[in-house]
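Tertiary structure, described
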Amino acid sequence: MSDFEGIDRRRFFQLTGGGIAVFISLGPWELFGQQRAPSYPEDINAYLLIGADGRVKIFSGKIEMGQGVMTSQAQMAAEELGVAVESIDMVLGDTERCPWDMGTFGSMTTRFFGPALRAAAAEARQVLEKLAAEKLGVDPGRLVVEKGVVSVAGDAARKVTYGELAQGKRIARLVDRKAVMRAASQFEVMGKSPRRIDGLEKVTGRARYAADVRPPGMLYARVVRPPAHGAKLAALDVSAAEKTSGVTVVNQDGLVAVLHPDPEGAEKALNLVKSRWDLPSSALDPETIFDHIVKTEGTSEVRQTKGDVAAGRAAAARVFETTYRKGYVAHAPIEPHAAVAEFKDGKMTVWASTQTPFPTRDRIAGALKLEPARVRVVTPFLGGGFGGKSADLQAIEAARLAQITGKPVQVAWTRQEEFFYDRFDPAAVVEIVSGLDDKGKVVLWDAVVHAAGARGASLFYDIPNVRVKTHGQPSYGADSAGAMHLFSVGPWRAPGANMNAFAMESQMDLMAAAAGVDPLEFRLRHLTDPRMRRVLQAAADAFGWKSAPGPSGMGRAVACSVDAGSYDALIAQVRIDAKGGSVTVERIVCAQDMGIIVNPDGAKMQMEGSITMGLGYALAEELRFRGGDILDRNFGTYSIPRFSWVPSIETVLVQNNDLAPQGGGEPAIVATGAALANAVFDATGARIARLPMTPERLREGIAAAKSRRSAAG
Amino acid sequence: MKTRVRFRVNGKPADLQTDDDRHLLWVLRTDLNLTGTKYGCGSGYCGACTVMVGKEAVRSCRTTLKEIQGKEVVTIEGLAKNGDLHPLQRAFMDHGGFQCGYCTSGMIMSACALLLAEPHPTPEAIARGLEPNLCRCGAHRRIVAAVQAAAGGKGAAS
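Residues numbered from 1 in each chain as written. Chains lettered and ligands numbered in written order. Predicted model: local features only at pLDDT ≥ 70, side-chain atom pairs only at ≥ 80, totals over all residues.

Below, the discussion takes up the sheet that holds strand E19 (residues 375-378) of chain A. Residues and elements named next belong to chain A. Sheet architecture is open: seven strands sit in the order E12-E13-E10-E20-E17-E18-E19, paired in mixed fashion. Unpaired on one side and paired on the other, strand E12 (248-252) and E19 mark the two borders of the sheet. Here the strands of the sheet are splayed against their neighbours by 25° on average, with no regard to which way each runs. Bridging between strand E10 (residues 219-223) and strand E20 (residues 409-412) involves three bridges; their strand directions are parallel. Bridged to Leu219 within E20 is Val409. Helix H12 (residues 393-405) contacts E10, E12, strand E13 (255-260), strand E17 (338-344), strand E18 (347-352) and E20 of the sheet and is inclined by roughly 30° relative to E17. (Pairing = 2+ DSSP bridges. Helix = DSSP H or I, 4+ residues; strand = E, 2+ residues; numbered from the N terminus. Axes fitted to C-alpha atoms, helices over the stretch in contact; angles between N-to-C directions. Contact = placed C-beta atoms within 7 Å.)

As a further point, take unusual backbone geometry. Residue and element names in this part refer to chain A. Residue Gly550 is joined to Pro551 through a cis peptide bond whose omega torsion reads -5°. As for its placement among the helices and strands, Pro551 is situated in the loop between helix H16 (530-543) and strand E24 (556-563). A cis amide bond links Leu691 with the next residue in sequence, Pro692, at an omega value of -5°. Structurally, Pro692 is set in the loop between strand E30 (690-691) and helix H20 (695-712). For Phe386, which is not glycine, the phi dihedral falls at a positive 60°. Here Phe386 lies in the loop between E19 and H12. Backbone geometry at Ala451 places phi at a positive 80°, although glycine is not the residue there.

The next subject is the interface of chain A and chain B. Across the boundary between the two partners, chain A contributes 45 residues, which contact 39 residues of chain B. Those elements that place two or more of their residues in the side of chain A that touches chain B are helix H6 (199-204), helix H8 (263-272) and helix H17 (600-619) of chain A. Counting residues per element, the side of chain A that touches chain B draws most heavily on H17(A), at eight residues. In the side of chain A that touches chain B, the residues fall into 19 nonpolar, 13 polar and 13 charged. (Nonpolar A, V, L, I, M, F, W, Y, C, P; charged D, E, K, R; others polar.)

What follows is about H12(A). Residue and element names in this part refer to chain A. The end-to-end C-alpha distance of H12 is 18 Å, a good match for the 18 Å that 13 residues give at a rise of 1.5 Å each. Turning to H12, its buried residues number three or more, namely Gln394, Ala395, Ile396, Glu397, Ala398, Ala399, Arg400, Leu401 and Ala402. Looking one or two places after H12, you find Gly406, whose phi comes out positive at around 75°. (Expected span 1.5 Å × (residues − 1). Buried ≥ 20, exposed ≤ 12 C-beta atoms within 10 Å, placed from the backbone.)

Our focus in this paragraph is the sheet that holds strand E29 (residues 648-653) of chain A. All names here are of chain A. Strand order in the open sheet formed by four strands is E24-E25-E26-E29, and the pairing between neighbours is mixed. Bordering the open sheet on either side are E24 and E29, each of which pairs with just one other strand. Strand-to-strand twist in this sheet, taken as the mean axis angle between neighbours without regard to direction, amounts to 20°. In this sheet, E29 lies alongside strand E26 (residues 582-593) in parallel orientation, the contact comprising six bridges. For Ile588, the partnering residue across the bridge sits in E29 and is Ile649. Lying on the sheet, H17 is in contact with E26 and E29; it crosses E29 at an angle near 135°.

Residue and element names in this part refer to chain B. Burial within helix H3 (residues 87-94) is extensive, with eight of its eight residues counted as buried. Of the residues making up H3, those classed as buried are Pro87, Leu88, Gln89, Arg90, Ala91, Phe92, Met93 and Asp94. Positive phi shows up at Gly96, right after H3, with a value of about 60°.

Residues and elements named next belong to chain A. Burial of strand E21 (residues 428-436) is extensive: seven of the nine residues sit out of reach of the surface. Here nine bridges tie strand E16 (residues 318-326) to E21, and the two strands are oriented antiparallel to one another. Bridge pairing in E21 links Thr323 to Glu431. One ladder, built from eight bridges, connects E21 with strand E22 (residues 442-450); its direction is antiparallel. When the sheet's bridge partners are listed, Glu431 is paired in E22 with Val448.

All names here are of chain B. At a closest axis distance of 10 Å, the pairing of H3 and helix H4 (residues 104-117) adopts a crossing angle of 130°. By the criterion of interaxial angle, the relationship of H3 to H4 is oblique. As for the relative orientation of H3 and H4, their crossing is right-handed in sense. Here Leu88, Gln89 and Phe92 of H3 come into contact with H4, specifically with Thr104, Ile108, Ala111 and Cys112. Considering only residue class, the contact of H3 with H4 consists of five nonpolar, two polar and no charged. (Parallel < 35°, antiparallel > 145°, perpendicular 65-115°, else oblique. Left-handed = near helix turned anticlockwise from the far one by under 90°.)

On to the nonpolar core. Residue and element names in this part refer to chain A. Counting residues in each nonpolar core, the largest one holds 269 residues, and the members touching the most others are Ala539 and Val680. Residue contributions to this core peak at 13 residues, all from helix H4 (residues 109-136). The contact partners of Val680, leaving out residues within four places of it in the chain, are Val574, Ile576, Val583, Ala686, Ile688, Met693 and Leu698. (Core = buried A, V, L, I, M, F, W, Y, C linked by C-beta atoms within 7 Å.)

So this is what it looks like as structure tokens:
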């Protein structure tokens with residue numbers, strides 16, 4: 001611990017009004033021996049400030065998009081600091097007030113930011129205990145801390161509050177060594193489920209989202225959009241819009257927009273703009289895209305290799321070749337992208353619905369040719385993100401328009417724009433060749449992943465001969481369409497892992513059936529990892545699993561995944577209407593090992609949310625397009641899960657307090673598609689190798705399974 | 001064409017000189033600065049913009065001022081009375097009936113109309129009644145539990 005020289009302390013305390021501030025500058029990978037996340041904060045990770053009123057402010061570059069990290073971060077700090085959750089105020093995602101952060105994605109808030117925040121809080125507690133010891137004239141070892149009050153053990157009348165200790169102080173400390181954190185057995189605040197601290201604002205309508213920000217004199221902007229991706233503007237006539245009173249027209253460097261003091265005025269003006277576009281010719285559609293993806297040259301990389309696949313093939317008594325496919329899937333958060341930008345005194349402030357406030361600030365600065373220090377991004381609540389709010393076109397548009405017009409500007413996308421500019425979960429193909437020996441052991445696994453990337457592609461089963469290759473790993477950059485896709489793709493809740501788990505766990509299931517072994521038993525025979533065995537057993541116990549080789553007709557099945565450091569086993573129970581081809585999901589049991597659990601109820605909400613969202617990509621969601629034209633532009637044709645789809649969901653948290661907290665926002669969605677596909681197989685004997693399992697595909701699959709059975713006699 | 005439009009919002013009179021073919025959603029959010037009502041799809045598919053007109057839940061993005069002339073509108077901001085939260089609001093907090101919160105206003109207003117029409121619905125009836133409202137975070141089961149608790153008066157527990 002040392003005095004912190006890295007910032008202008010005087011200015012800092014002018015801004016904060018004094019108190020005790022603790023900064024931490026230490027990679028959490030050092031704190032916990034975690035695998036280092038690429039480009040995680042190099043500078044200050046976290047800080048907190050204890051004010052003279054006894055309130056604690058936590059400054060975090062993370063953002064709240066529903067995943068509950070406002071509450072879980074407060075819990076972690078409260079635990080280490082010895083204060084009540086209620087005395088903590090969270091300041092999130094403000095680039096001027098919070099430490100740098102690369103963004104909120106990858107289920108990394110608790111895993112990587114958590115340790116830094118806890119270390120800062122633990123250090124703050126030491127500073128406060130030292131001050132209290134001086135003030136009370138006792139040895140620090142004799143002090144006890146409860147809810148921000150330090151007292152002498154056995155003499156409770158001798159006490160001082162954190163607020164009193166912080167009074168008139170201007171102490172800034174920098175933590176640059178490993179802090180001693182409380183063990184799970186000591187937890188008083190972590191491991192419990194206090195009510196979410198964003199609840200009151202959200203049930204009263206007071207919670208502010210980007211489109212709710214209203215600087216005086218703000219103009220609503222609508223941007224002229226191409227009819228299809230790849231279209232080039234051939235002719236433009238804005239004269240009618242320009243003649244309309246109250247309308248400002250901007251046409252600069254490819255950005256054509258109309259602005260008006262009210263949103264309907266802006267929409268009317270947009271309808272007056274005449275534009276003609278040259279459309280690219282592309283015959284690609286949701287059926288032909290898969291061949292295109294496989295044919296498209298991409299970087300090829302071996303992700304996992306073990307033994308020798310040629311030897312595996314030689315040892316195999318039976319070889320199974322399957323090609324799995326999945327279409328594009330939209331993020332479809334209920335809040336479309338929005339941003340409000342205000343340019344004042346040479347400084348640009350942008351309130352944006354973004355998962356990446358700091359990278360967004362840098363992108364805005366680049367687009368506007370401003371120093372990053374002259375751009376401030378403030379992130380209000382996000383109405384859902386799921387990976388989709390990290391490109392920030394809307395924030396750049398708002399900032400450019402504010403700079404051009406000199407007025408505050410709101411760019412709030414319509415649902416149509418939201419669908420059009422979504423950076424979709426990519427369509428993908430996974431080809432697997434696997435083999436069983438004559439004893440029913442898997443001896444070969446040779447997989448090629450196209451477009452889904454490496455996440456979740458590595459096997460956690462013990463198989464002697466393995467090769468996993470990826471082609472065209474999606475680059476989730478600003479322009480990630482490349483040659484493979486006609487429009488941008490991007491990270492979608494557990495990027496790529498949903499597809500990889502669907503392929504892997506379908507293939508395991510298929511081999512279990514071929515071997516005539518119960519699918520749960522088959523998996524256990526190929527598993528030594530104790531964490532996976534434990535979650536599988538926990539899920540089976542909670543479900544009341546009855547052993548039988550598939551297809552058993554019972555319509556129940558299992559699928560497993562490892563994601564973001566967490567282990568999951570899902571068991572799904574479905575009912576099939578074979579004639580109509582519909583799948584009714586009746587019940588899902590999910591057991592998860594996520595290390596130390598910060599907030600059990602919050603963790604369960606994320607599991608339930610993940611599973612529910614997973615019903616969509618498994619059963620219905622598949623973007624329709626013709627070339628670069630996006631055909632689904634609203635919820636009238638693009639269906640996402642509704643109340644009637646949601647089954648009974650039972651979540652089991654498998655205790656593992658020996659492991660630091662792992663990811664929680666994504667892991668439970670990963671195996672959802674696979675579990676449902678396997679359950680459909682168990683019910684009908686039809687192996688559906690393409691998601692989503694639409695009624696048409698299911699009817700075809702059932703018919704094919706029937707004709708196979710009758711051919712087999 | 002500008003005309004005089006009068007209605008009540010959350011118990012207070014609103015008196016506007018404006019086009020009566022404008023949609024209630026934008027009038028609430030801009031003219032009246034009631035931003036708790038959300039835009040989600042603009043076509044009535046998602047329910048984020050739901051408010052009550054009289055005892056009915058309506059999609060404010062599809063409702064013109066003409067249709068609410070002289071009527072009583074209640075938005076999420078008008079549910080709490082004298083600082084006391086509505087039982088539905090308390091129940092949504094107690095049962096975690098929200099995640100990102102963006103669909104929440106519309107969910108609560110839809111549930112409010114549902115309970116007025118059917119004070120003690122079964123979980124199935126609640127799910128059926130809320131079927132047209134979309135939630136992307138997957139809080140569905142907890143929303144149903146919250147509405148059920150509010151109907152049974154259990155939502156007040158904290």
